[in-house]
Amino acid sequence: MAMAIRVFLLLLLFLSSSNLTFSLFEDQVGLMDWHQQYIGKVKHAVFHTQKAGRKRVVVSTEENVVASLDLRHGEIFWRHVLGTNDAIDEIDIALGKYVIALSSEGSILRAWNLPDGQMVWESFLPGSKPSKALLSIPTNLKVDKDHVILIYSNGCLHAVSSIDGEVLWKKELATEGIEVQQLIHPLGSDIIYAVGFVGMEKLLIHQTHVSDLFQDSSATAVILPSKLMGMVALKISSTIIFIKVADAGKLEVVDKIDHAAAVSDGLSFLEGQQALALVQHGGSKIHLTVKLGPDWSGDLLKESFEMDHQRGVVHKVFINNYIRTDRSHGFRALIVMEDHSLLLLQQGEVVWSREDGLASIIDVTTSELPVEENGVSVAKVEHNLFEWLKGHILKLKGTLMLASPEDVVAIQRIRLKSSEKSKMTRDRNGFRKLLIVLSKAGKLFALHTGDGRIVWSLLLHTLHKSEACENPTGVNVYQWQVPHHHAMDENPSILVVGRCGHSLDAPGILSIVDTYTGNELNSLGPVHSIVQIIPLPFTDPTEQRLHLLMDAGLRAHLYPRTPEAIGIFQREFANIYWYSIEADNGIIRGHVLKNNCFLEVADEFCFETKALWSIVFPSESEKIIATVTRKLNEVVHTQAKVITDQEVMYKYVSKNLLFVATVAPKAVGEIGSVTPDESWLVVYLIDTITGRILHRLTHHGSQGPVHAVFSENWVVYHYFNLRAHRYEMSVIEIYDQSRADNKDVLNLILGKHNLTSPISSYSRPEVITKSQSYFFTHSVKTIAVTSTAKGITSKQLLIGTIGDQVLALDKRFLDPRRSINPTQAEKEEGIIPLTDSLPIIPQSYVTHALQVEGLRGIVTVPAKLESTTLVFSYGVDLYFTQLAPSRTYDSLTEDFSYALLLITIVALVVAIFVTWVLSERKELQEKWR
Amino acid sequence: MRAKNLCFFLSKLLLLCLCFYILVSSPSLAFQSDELLADDEEFGLEGARSPVLDLTVPIQPSPHTQPTIQTQTTRSRSLDPDPDSKVHLLLEHAFGDSDFSPAGTFTARLKTSSHGGQTLTKLRFSRNSFTRTEEQEFKKLLEADDFYTIRVPSNVLSPPGRDYIISSVKARCLPRNGLDEHFVIHMDGVNILAVNYASPRACPYPRQLKLPAKWSFNSHTVLKNSEVAPRAPLFAEEILGGENVEFEGVKPPERSLWAKYWMYLIPVGLIVMNAITQAMNMPEEQAAGQSASQPQQSMAAIQRGQGTAVRRR
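Parameters and conventions
- Residues numbered from 1 in each chain as written.
- Chains lettered and ligands numbered in written order.
- Predicted model: local features only at pLDDT ≥ 70, side-chain atom pairs only at ≥ 80, totals over all residues.
- Heavy atoms only, no water.
- Buried < 20%, exposed > 50% of the residue type's maximum accessible area, 1.4 Å probe, protein only.
- Helix = DSSP H or I, 4+ residues; strand = E, 2+ residues; numbered from the N terminus.
- Arc of directions from axis to C-beta.
- Contact = heavy atoms within 4.5 Å.
- pLDDT = per-residue confidence, 0-100.
- Pairing = 2+ DSSP bridges.
- Salt bridge = Lys/Arg side-chain N within 4 Å of Asp/Glu carboxyl O.
- Axes fitted to C-alpha atoms, helices over the stretch in contact; angles between N-to-C directions.
- Domains from an automatic or database assignment.
- Buried area = accessible area lost by both parts, 1.4 Å probe.
- Nonpolar A, V, L, I, M, F, W, Y, C, P; charged D, E, K, R; others polar.
- Phe/Tyr/Trp six-rings, centres within 6.5 Å; stacked < 30°, edge-to-face > 60°.
- Lys NZ or Arg CZ within 6 Å of the ring centre and 35° of its normal.

Caption draft 1: Examining helix H5 (residues 563–571) of chain A more closely. Residues and elements named next belong to chain A. Along H5, the positions that sit buried rather than exposed are Ala 565, Ile 566, Ile 568 and Phe 569. Buried residues along H5 cover an arc of 165° about the axis, so they all sit on one side. What points out from H5, more than 90 degrees from its buried face, is the exposed set Pro 563 and Arg 571. As for H5, its buried residues are in contact with strand S38 (532–539), strand S39 (545–550), strand S40 (555–559), strand S42 (587–596) and strand S43 (606–616).

Caption draft 2: Summary view of the confidence of the model for chain B. Residue and element names in this part refer to chain B. Averaged over every residue, the pLDDT of chain B is 66; residues scoring 70 or more account for 56%. When the criterion is pLDDT under 50, residues 17–82 qualifies, and its contacts beyond four places in sequence or with other chains add up to 88 contacts. Confidence over residues 290–313 falls short of pLDDT 50; this stretch has 0 contacts with residues more than four positions distant or in other chains. As a predicted assembly, this complex carries a pTM of 0.79 together with an ipTM value of 0.77.

Caption draft 3: Inspection of the pairing of strand S26 (residues 314–323) of chain A at higher detail. Residue and element names in this part refer to chain A. Along S26, 7 of the 10 residues are buried, which leaves the element largely enclosed by surrounding structure. Taken together, the 9 bridges between S26 and strand S27 (residues 329–337) define a ladder with antiparallel strand orientation. If you follow Val 317 over to S27, its bridge partner there is Ile 335. Following S26, the chain reverses through 5 residues before pairing antiparallel with S27; Arg 327 in that reversal takes a positive phi of roughly 70°.

Caption draft 4: Broad picture of the pattern of salt bridges. All names here are of chain A. With the rule as written, the count across this model stands at 29 salt bridges over all chains. Close ionic contact of Glu 355 with Lys 443 constitutes a salt bridge, the shortest N to O distance being 3.9 Å. Here Glu 355, found in the loop between strand S29 (349–354) and strand S30 (361–368), pairs with Lys 443, found in strand S32 (residues 443–448); they are 88 residues apart in sequence, far enough to count as distant. Residues Glu 355 and Lys 443 agree in their burial class; the two are buried.

Caption draft 5: The sheet that holds strand S7 (residues 191–198) of chain B, seen in detail. Residues and elements named next belong to chain B. The strand order S7-S6-S8 describes an open sheet built from 3 strands, whose pairing is mixed. Of all strands in the sheet, those with a lone pairing partner are S7 and strand S8 (217–224), marking the two edges. Adjacent strand axes in the sheet meet at a mean angle of 20°, parallel and antiparallel pairs treated alike.

Caption draft 6: Region of interest: the domain arrangement of chain A. Residues and elements named next belong to chain A. By the assigned domains, chain A splits into domain 1 (379–423) and domain 2 (897–928). Facing the 4 residues of domain 1 at the interface are 5 residues of domain 2. By the criterion of area lost to domain 2, the three top residues of domain 1 are His 392, Leu 396 and Thr 399, representing 78% of everything that side buries. Linking domain 1 with domain 2 are 0 salt bridges. Here the residues of the side of domain 1 that touches domain 2 are counted per class, giving 2 nonpolar, 2 polar and no charged.

Caption draft 7: Region of interest: the packing of aromatic side chains. Under the counting rule described, the total for this entry stands at 26 aromatic pairs over all chains. Pairing Phe573(A) with Phe607(A) gives two aromatic rings, centres 5.5 Å apart and planes at 55°, and the pair type is tilted. Separated by 34 residues along the polypeptide, Phe573(A) in the loop between H5 and strand S41 (577–582) and Phe607(A) in strand S43 bring together distant segments of the chain. Arranged with centres 5.1 Å apart and planes meeting at 80°, the rings of Phe130(B) and Phe217(B) form a pair that is edge-to-face. Here Phe217(B) lies in strand S8 and Phe130(B) lies in the loop between strand S3 (118–127) and helix H4 (132–144), a separation of 87 residues in the sequence. Note on accessibility: Phe130(B) and Phe217(B) belong to one class, buried. Its guanidinium or amino end placed over the ring of Phe217(B), Arg127(B) lies 3.7 Å from that ring's centre, counting from NZ or CZ. One residue, Arg151(B), lies across the ring of Tyr164(B), its end atom 3.7 Å from the ring centre.

Caption draft 8: Just the interface of chain B and chain A, in detail. Of the residues lining the interface, 64 residues belong to chain B; the matching set on chain A comes to 60 residues. Summed over both sides, the interface between chain B and chain A buries roughly 5,200 Å², with carbon and sulfur atoms accounting for 57% of that surface. For the pair chain B and chain A, the interface holds 2 salt bridges. Of the charged contacts in the structure, one is a salt bridge between Arg589(A) and Asp163(B), with a shortest N-O distance of 3.0 Å. Listed by contribution, the elements that provide at least two residues to the side of chain B that touches chain A are helix H2 (29–43), strand S4 (147–153), strand S5 (164–170), strand S6 (179–188), S7, strand S9 (227–228), helix H5 (242–250) and helix H6 (257–288) of chain B. Of the residues contributing to the side of chain B that touches chain A, the split by class is 33 nonpolar, 16 polar and 15 charged. Bridge count between strand S49 (residues 693–700) of chain A and S9(B): 2 bridges; the pairing is parallel. Bridge pairing links Thr698(A) to Val228(B) in S9(B).

Caption draft 9: Quick peek at the confidence of the model for chain A. Residue and element names in this part refer to chain A. Scored by pLDDT, chain A has a mean of 82; 86% of the residues are at 70 or more. Long-range and interchain partners of residues 10–22, a stretch whose pLDDT sits below 50, account for 8 contacts in this model, where long-range means more than four residues apart. Every residue in residues 375–379 is under pLDDT 50, and counting partners more than four places away or in other chains gives 0 contacts.

Caption draft 10: Just the sheet that holds S49(A), in detail. Reading across the sheet, the 5 strands line up as S44(A)-S47(A)-S48(A)-S49(A)-S9(B) and stay open at both edges, with mixed pairing between neighbours. Taken across any chain shown, the strands that pair with only one partner, and hence form the sheet edges, are strand S44 (623–629) of chain A together with S9 of chain B. When S44(A) meets strand S47 (residues 657–663) of chain A, the two strands line up antiparallel, connected through 6 bridges. Across the sheet, Lys623(A) pairs through a bridge with Val663(A), a residue of S47(A).

So this is what it looks like as structure tokens:
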């Protein structure tokens, strides 16, 4: 009986384990994926070093992150990413154990526990009118044994209990017309002074011209926002002047510092004394000076540091004091650089640095690595051979379950740190690439896909603030030159496009950067405005891709500016069409190139354009909220799709399709701001050559935001259904009917088909569309689709969920041919029975248990191996992994034991010989008998 | 007794069905949406599902262009049971870079639905034939493989609306025997969204220069309104009709008991078999008892000895 139960249990176990698992084993974590955590450009920093076992610094950043960093190593103890429109105004530490953050223009106050980052309380501070948000935590102001936090926001002064966040009292100040600028609480008193202006009558106590204090005042003077005791810091061009406010309103210049970059707030460290850090640039070095205020008697500290040129200038400095071993006062400084990196300086050394520029990625592109040179040295091979053997013996031990725990650790380490993964050369599978990312600070980083390390970084000088270009911003990165024929002797390069300002008609900046070395090869700018960039499918003899840049005046500019490029371009001149979307106006226009520009200076690379077609959405009922096109480099393996009963459907595969989603103008706002009756969502599929509307579909009672992805002949979009109170995802597939007659095999053999006839946009397309909608639980931040080298592998949708994770959803779930009861033939084809909502399988999260905080984008890049695609998702964090939507059918898995195979073969060979010898002997004995 | 019960039950069921039918047919809230969706499709206007909505799609007839229509429509909207009125749409064309000039007129009936939405029906098109100069212009276009462009106003009632709708085609696509053209006009109420202007047939890329045999137009016109998306399937109780439920009810017996629960049945069978064999063995063993154990062993020993002997031989 017991035997039978055992059998039964074993059987059950077997059955339960035979279910397919898509998840990953514990020892596979980190094998092909990496995750990096960042915080963004630091705005405020509060040190917590006194009487604390673990020294830490609490920072708030421009990416709306509150984080506690280890002051020894710069690692993140904990961190919270607030919403995108929940900007942090101020942070501080209360009671020595709570981190207090004021955000959303002073309307939300939160407290986190300092050691572990748990939220303690949160309170909402309503107010009548927006005003400056101020936070003040008096050190010894008590109301009923409760420490009080003072907040001035939205025209009200609030006193909030620091223990539970309760608002103790509230005083309306804005109604009296006071614009409060600062809260002052003198030590040991019960009175708070809220200093501000009443109306426009400013308290002008004293007036002195800057020119009286400082000669050569051609440049404008700016008051630095540093809080100093009895002093004002004034910045005139690159010089900082410290002005002491003496009694009776007299101003006197205390000091004048050249090449200064940043000044910290005053830090009171002794009774009545204030220290102040000052950073100066000198060549490749930066000099940190700590001055003693307010009497300005000598320097407390003067140190200089070697600084990487690619970090730019110092933007901010925060100081902190500590007691040295010899009981004297020491200072450490936290500096924020131009590229948003964060560094800790102490005792003349850079203790640690964080590349927080990577928290604000604007655009991503990839580049191949150099081709491996032939002739690797023998010594290297031998060394590798030994290592290889050792590794395989360890692995073999692992497979045969002979490995001791130490061995297991060693195996894991070998797997994680395999040098193969992070080599600087191309591999056969195309897994190793460079990810070129452009950050908001105007810095380019090249990240290695193997381990995510920074290979090189470049602070683009064209995106550097200058007189010609006041407010430069990076826009996009494009592949400029991808050498195939000259792969050995030419390096690939990328084109970085930027703008001098945020408006579309601001002058543009162009820069070309070598992706192997990170050197800027060429730069242009400021040039004409850049509204749209069109990479053309042509390359010149040096394999530079032709790009058309559209300016605000609807003129097209050709790059590169070479005669060869013009020659190629002229040949294709009549076949170049483009379209522009005026989202605010609700008009989409198609254009064609006409002739050279009529400018004062003849420019043969500039072309006038002419409108060909237009679509005008009625402004009272439709507003464009999303437009999506196919990826330019997407590969479609086959146009035909074999369906049940050996029938064929032909996908309408056109590069010139545009998906547009419009909503009722009333429904542009947040979800729930309109009733289902007054909101609708209309989606369009438009041919961008002729302006033909191929498909138009209305979803009643639905609302944006719309996130969509377009691939092959289908588009998937996500929106909110107000009637069902749920998010929905819809799919539209478009098929070509003009080729649908080509079903007869005989006709195909005899050549009686129109499959080879050229396709023209001017022919009237006979298309049919199929569409279906499903409910989806999550709201979505972004959607992408996997892309593979040849487009054979089935596709997966990559959905960036609201929880900052990436969910992989098989495209088969979004197939308009799904029905409630599929026939046997349809089941065989792989059609899933229709369900009303899309399943969310926890194992199919690409990010596993990790979160890509502040997720903004997902980029997929095909590897050379058809089954595999590389996925890079970015936000405040970065996450990279490899995906195989249909499993790795074309390669052995990474943990395949070659040694075991080898040993098996050897053993078999040995066995053959042994049996041969034995049989020989036996035969001999037989013969002797 | 049982028959009576059944009868009672049946009558109750009938009553329930009747109630259900009344519920379905009456304009109750739950099913209203379905009905109106079909309506919307017919009239092609989003948001025309409640009478309040004529406010959301305001019609702005310009006072100077077509005052007659304006008065008619406003009147019709309030009380007239026959709310049709005629509208004209001017089609203009341009040859290459030339200016636009009149080329034809669309005539249609403006139908005002009870919801207040307006749609165009019965579209007719009268094409002006080319003048001598226009023919020359068109020939030039054919030679240069240039674009022939048309435009219509974006609003039917107040031309040109916000902007003109432009559409172009390569001139070489049009000539066949005569000049074949095909208009697809995408409408939204009284607004024209887009006009797809093309030849009704294919126009493959190396476009041959071909002059038309006669200079007359052969026009086809199609009016298109938006399709309404199918609703997401709801598998809750909301699905109407007994068929579906019935179908669901019939379906399970398709798979036999064995097919469904084989994984449980096999172990159960094994257990039963095991138990039976054990139960059969038990009495035997008991009968044989300890007394039989000794000779059995010796027998076995003998057998083994024989076996070895045999093998040695």
